[in-house]
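Analysis of the macromolecular model
Okay, here's what each chain looks like letter by letter:
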Amino acid sequence: MQIKDLFTKKKYATVPSERPSKRDIPEGLMNKCSKCGNIQYSKELEKNLKVCSSCGHHNMLSAWERIAMTLDDGHLTEYDAGMESVDPLNFPGYAGKLEQQKSKTNLRDGVITGEGMIGGFPVVICVMSFDFFTGSMGSVVGERITRAIEAAHAKQLPLLIFSTSSGARMQESILSLMQMAKTSAALSRFQGAGGLYISIFTDPTMGGVSASFASLGDYILAEPGARVGFAGRVVIEQTIRQKLPDNFQTAEFNLQHGQLDKVVHRKDMKATLTKLLDMHCVREGASHGG
Amino acid sequence: MAGELPFEKPINDLRQKVTELKALSEEKGIDFTDEILILEEKCKRMEQELYSELTPAQRMHMARHHQRPTSLDFINAVFTDFMELHGDRLYADDLAIVGGLAKLNGIPVTVIGHQRGKDTRDNIARFFGSPHPEGFRKALRFMEQANKFKRPIITFIDTKGAYPGNTAEERGQSEAIARNLREMARFGVPIICIVIGEGGSGGALALGVGNRVLMLENAIYSAISPNGAASILWKDASRADEAAAAMKITAGDLLELGIIEDIVAEPQGGAHRDLAFQAEQIKDKLWTHLQELLALSPDQLVEDRYNKFRKVGQFRISEQPADHEPNDVGGQEPSAEAAASESDDSEQLAMQEAPTVQ
């Protein structure tokens, strides 16, 4: 035997094993918190409204999950359910990406709108879903939200919008940008006529959505830790090489800088909304004092 | 040649040759008149061909040309009696936005514009034409003043976008832009916006909610800069030229999409070649559109502006029910509203088939 043979690895034949290599844990039984790493049962997490029991991190919700926990009996009368995006600019890859997003999420686009009740108060509600195309605003998101604002106006109902979005949908470029003006103009009419609009920022809400209807609420709430801002952290760091604070653009940061009214824990959201709605409702027989 | 863009090089090289040939002809006393005439003719032809069919990417470079006239250049050349005003009355005077009072053919108007710097020092003071919230709030203050005193508003759009920075975020960049969009929708005076260079994102739109939106022939307007789009889509900012073509950012594209109402012609080779000519073109267009708008009442102006933006967007209404099963979260039933929304399908489908967003 030569010295060099000491360093060669011996080769063994391998026989495929009948046993599964890992212990059989069903997919999705456990969940690891993306913030603190705490591992807990997914069922526990669901029960806790997808808020980490260890660090309080509010995980993202899909639009339907949010609707289920916000509306009375989770019941929504949906508006414009059949409205779908087209590829108006023939943008490379957009049509395929849309199909992929639809089959991934079972949603038609990044926002669900409709009517329901909160604490017994009828409302028009829009709930965005980050899982569809990162909640980006194209023609459909802009149109659905505008129609919801118009419905709230016509029916004289309060309007609630839960926002989450990465901003403009660049595959619709200028059409996407103009949705900012369209939704804001609709709010100008609705709010000008005395309509009540409560905006709720959820994680994350950036760019064109943050810089249009989401920032125009008569009341603006946010979930703890939600990142809210115009330009993204990475863009800012790369453009101007500023050192940014750790809590940059979080709900707490925005509260501190006067950009919103209240940071509300998910478990308290429905009660807070109910209270706000109640403040704007003069019930029959209620005394006006004096 | 100073300020030459890469695609202009072949023409400038040829021009250079003609100049050399002329010098040689004088120096040596040889008669090259015919050759020179032919070459000059060729130069002209090449220029006409090039500038009449610029690609979106070439227009993008033209829009960003460092010698391209700025808002202040045009304001001083188009209007008389310009009096610049300052400050948002809340925090600061953002020099990335300029504005004040001026007269257009004798009529007092409020003019506002993004202002890029003329040199490095100026650019630093003006944040390269990218406003902070105080800039948008300054613009809003001018517009509210115009609304109060029934003056038309004319805005010049020329920015890569709102300033991306810590301080801008702290002071509510999103809120400042959003508020301008909402408030511009309600003013009962004519608003005419004109994109003179680069119209980038929300920072551009915050001065852009007008009854009429015009663009210079080589200006561009988009939701995100082509460089930004390329780096997000393909992880490669150097493919900006490609993105520029895909994104439909030129005046021609936007006119076709129904986003803008008119295109202002530029002198051959771009606005920077002839400021006086360019200013004259802008003045003519502004005057034409202003005359039309001055015939409308305040309510009609608000209505007209609302309808312009309300129409924008392309989508279709599908006949099939959505794939998701809301029942497992909410026990949803078909409603009267849903049925009602089905009935206007034909209108929406027609909208989708139409070539423009009108």
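Residues numbered from 1 in each chain as written. Chains lettered and ligands numbered in written order. Predicted model: local features only at pLDDT ≥ 70, side-chain atom pairs only at ≥ 80, totals over all residues. Heavy atoms only, no water.

If you check an unreviewed UniProt entry, chain B appears there as Acetyl-coenzyme A carboxylase carboxyl transferase subunit alpha from Paenibacillus harenae. Of the comments in the UniProt record for chain B, the one headed Sequence similarities (unreviewed entry) reads "Belongs to the AccA family." UniProt, in its Function (unreviewed entry) section for chain B, records the words "Component of the acetyl coenzyme A carboxylase (ACC) complex. First, biotin carboxylase catalyzes the carboxylation of biotin on its carrier protein (BCCP) and then the CO(2) group is transferred by the carboxyltransferase to acetyl-CoA to form malonyl-CoA." (UniProt positions renumbered as here; feature names shortened; annotations may be inferred.)

Helix and strand counts for chain B come out as 17 helices and nine strands. Taking the intrachain contacts of chain B between residues at least 6 apart in sequence as the baseline, contacts between residues at least 24 apart amount to 72%. Counting every atom, chain B has about 15800 Å² of accessible surface; 52% of that belongs to carbon and sulfur. (Helix = DSSP H or I, 4+ residues; strand = E, 2+ residues; numbered from the N terminus. Contact = heavy atoms within 4.5 Å. Areas by Shrake-Rupley, 256 points an atom, 1.4 Å probe, with all protein chains shown as cover.)

Moving on to the domain arrangement of chain B. Residues and elements named next belong to chain B. We note that the domain assignment places domain 1 (6-53) and domain 2 (62-310) within chain B. Domain 1 and domain 2 are separated by 38 Å when their C-alpha centres are compared. If you look at the interface, domain 1 gives five residues, while domain 2 gives four residues. For the pair domain 1 and domain 2, the summed buried surface comes to about 420 Å²; carbon and sulfur atoms form 46% of the total. Contact with domain 2 buries surface across domain 1, with Glu8, Glu47 and Tyr51 losing the most and accounting together for 75% of the total. Residues Glu8 and Arg273 are paired through a salt bridge, measuring 3.1 Å at the closest nitrogen-oxygen approach. (Domains from an automatic or database assignment. Buried area = accessible area lost by both parts, 1.4 Å probe. Salt bridge = Lys/Arg side-chain N within 4 Å of Asp/Glu carboxyl O.)

Let us now look at the UniProt feature "domain: CoA carboxyltransferase C-terminal" (unreviewed entry) in chain B. Mapped onto this numbering, the UniProt entry gives "domain: CoA carboxyltransferase C-terminal" (unreviewed entry) at residues 38-292 of chain B. Secondary structure over residues 38-292 of chain B splits into 45% helix and 19% strand, and the C-alpha atoms at its two ends are 48 Å apart.

Taken together, the contact pairs 65 residues of chain B with 71 residues of chain A. For the chain B face of the interface with chain A, the top three residues by lost area are Arg182, Tyr306 and Arg310 of chain B, together amounting to 12%. Between the two partners, chain B and chain A, sit four salt bridges. Salt-bridge contacts for Glu150 of chain A lead to Arg310 of chain B; the nearest nitrogen and oxygen are separated by 2.7 Å. Viewed at the interface, chain A and chain B are joined by 20 residue pairs in polar contact (both at pLDDT 80 or more). Grouping the constituent residues of the side of chain B that touches chain A by class yields 31 nonpolar, 20 polar and 14 charged. (Polar contact = N/O pair within 3.5 Å; in protein donor to acceptor, adjacent residues only side chain to side chain. Nonpolar A, V, L, I, M, F, W, Y, C, P; charged D, E, K, R; others polar.)

The next point concerns the packing of aromatic side chains. Centre-to-centre distance and the angle between the planes together describe a pair of aromatic rings. All names here are of chain B. A complete count under the given rule lists six aromatic pairs over all chains for this structure. Judged by centre distance (6.5 Å) and plane angle (20°), the rings of Phe74 and Phe156 are stacked. Here Phe74, found in helix α4 (residues 71-78), pairs with Phe156, found in strand β4 (residues 153-159); they are 82 residues apart in sequence, far enough to count as distant. For Phe74, a relative accessible area of 0% gives the class buried. Phe156 gets classed as buried once you look at its relative accessible area, which sits at 0%. Ring centres of Phe79 and Phe156 lie 6.2 Å apart, and the angle between their planes is 85°; this geometry places the pair in the edge-to-face category. (Phe/Tyr/Trp six-rings, centres within 6.5 Å; stacked < 30°, edge-to-face > 60°. Buried < 20%, exposed > 50% of the residue type's maximum accessible area, 1.4 Å probe, protein only.)

As a further point, take the pattern of salt bridges. All told, the structure shown has 42 salt bridges over all chains when counted by the stated rule. Ionic pairing is found between Arg310 of chain B and Glu143 of chain A, a salt bridge with its closest N-O pair at 3.0 Å. Pair noted here: Arg310 of chain B is in helix α14 (residues 298-310) and Glu143 of chain A is in helix α4 (residues 139-155), and the two residues belong to different chains. Taking the relative accessible area as the measure of exposure, Arg310 of chain B reaches 16% and is therefore buried. Arg212 of chain B is the salt-bridge partner of Glu292 of chain B, the closest N and O atoms lying 2.7 Å from each other. Within this pair, whereas Glu292 of chain B is found in helix α13 (residues 275-294), its partner Arg212 of chain B is found in strand β6 (residues 212-216), the two being separated by 80 residues in sequence. Residue Glu292 of chain B is classed as partly exposed on the basis of its relative accessible area, which comes to 41%. Each member of the salt-bridge network shares a partner with another, and the members are Asp80, Glu143, Arg147, Glu150 and Lys182 of chain A together with Arg310 of chain B.

The next point concerns helix α5 (residues 173-192) of chain A. Residues spaced three or four apart along an α-helix point in a common direction, a consequence of the helix completing one turn every 3.6 residues. All names here are of chain A. With 20 residues, α5 should reach 28 Å at 1.5 Å per residue; the first-to-last C-alpha distance of 29 Å fits that figure. Where burial is concerned, most of α5 is hidden: 18 out of the 20 residues are buried. Looking one or two residues past α5, Gly194 carries a phi angle of roughly 95°, positive in sign. (Expected span 1.5 Å × (residues − 1).)

Glancing now at the packing of α5 of chain A against helix α8 (residues 173-184) of chain B. Two elements in contact, α5 of chain A and α8 of chain B, have axes whose closest approach is 7 Å; the angle formed by their N-to-C orientations is 65°. With respect to the hand of their crossing, α5 of chain A and α8 of chain B are arranged in right-handed fashion. The residues of α8 of chain B that touch α5 of chain A, namely those facing Met180, Ala181, Ser184, Leu187, Ser188 and Gln191 of chain A, are Ile177, Ala178, Leu181 and Arg182 of chain B. (Axes fitted to C-alpha atoms, helices over the stretch in contact; angles between N-to-C directions. Left-handed = near helix turned anticlockwise from the far one by under 90°.)

On to the environment of His66 of chain B. Here His66 of chain B lies in the loop between α3 (56-63) and α4. Note: C-alpha distance between His66 of chain B and His272 of chain B (206 residues apart in sequence) is 8.9 Å.

Below, the discussion takes up empty space enclosed by the protein. What the rule picks out here adds up to seven cavities of 30 Å³ or more. Roughly 130 Å³ of internal volume is contained in the largest cavity. Forming the boundary of the largest cavity are 15 residues, of which Asn254 and Gln259 of chain A together with Gly172, Ser174 and Glu175 of chain B lie nearest the centre. Secondary-structure elements contributing two or more residues to the lining of the largest cavity are β10 (228-229) of chain A together with α8 of chain B. Broken down by element, the lining of the largest cavity gets its largest block of residues, three residues, from α8 of chain B. Each residue belonging to the lining of the largest cavity can be placed in one class, and the counts come to four nonpolar, nine polar and two charged. Taken as a whole, the second largest cavity holds about 60 Å³ of empty space. His58, Asn59, Met60, Leu61, Arg66, Phe130, Thr164, Thr202, Asp203, Glu223 and Arg266 of chain A together form the lining of the second largest cavity. (1 Å grid on protein atoms, 1.4 Å probe; cavity = no way out; pocket = protein on both sides within 12 Å on 5 of 7 lines; lining within 4 Å. Points joined across faces, edges and corners; volume = space filled by probe spheres on them.)

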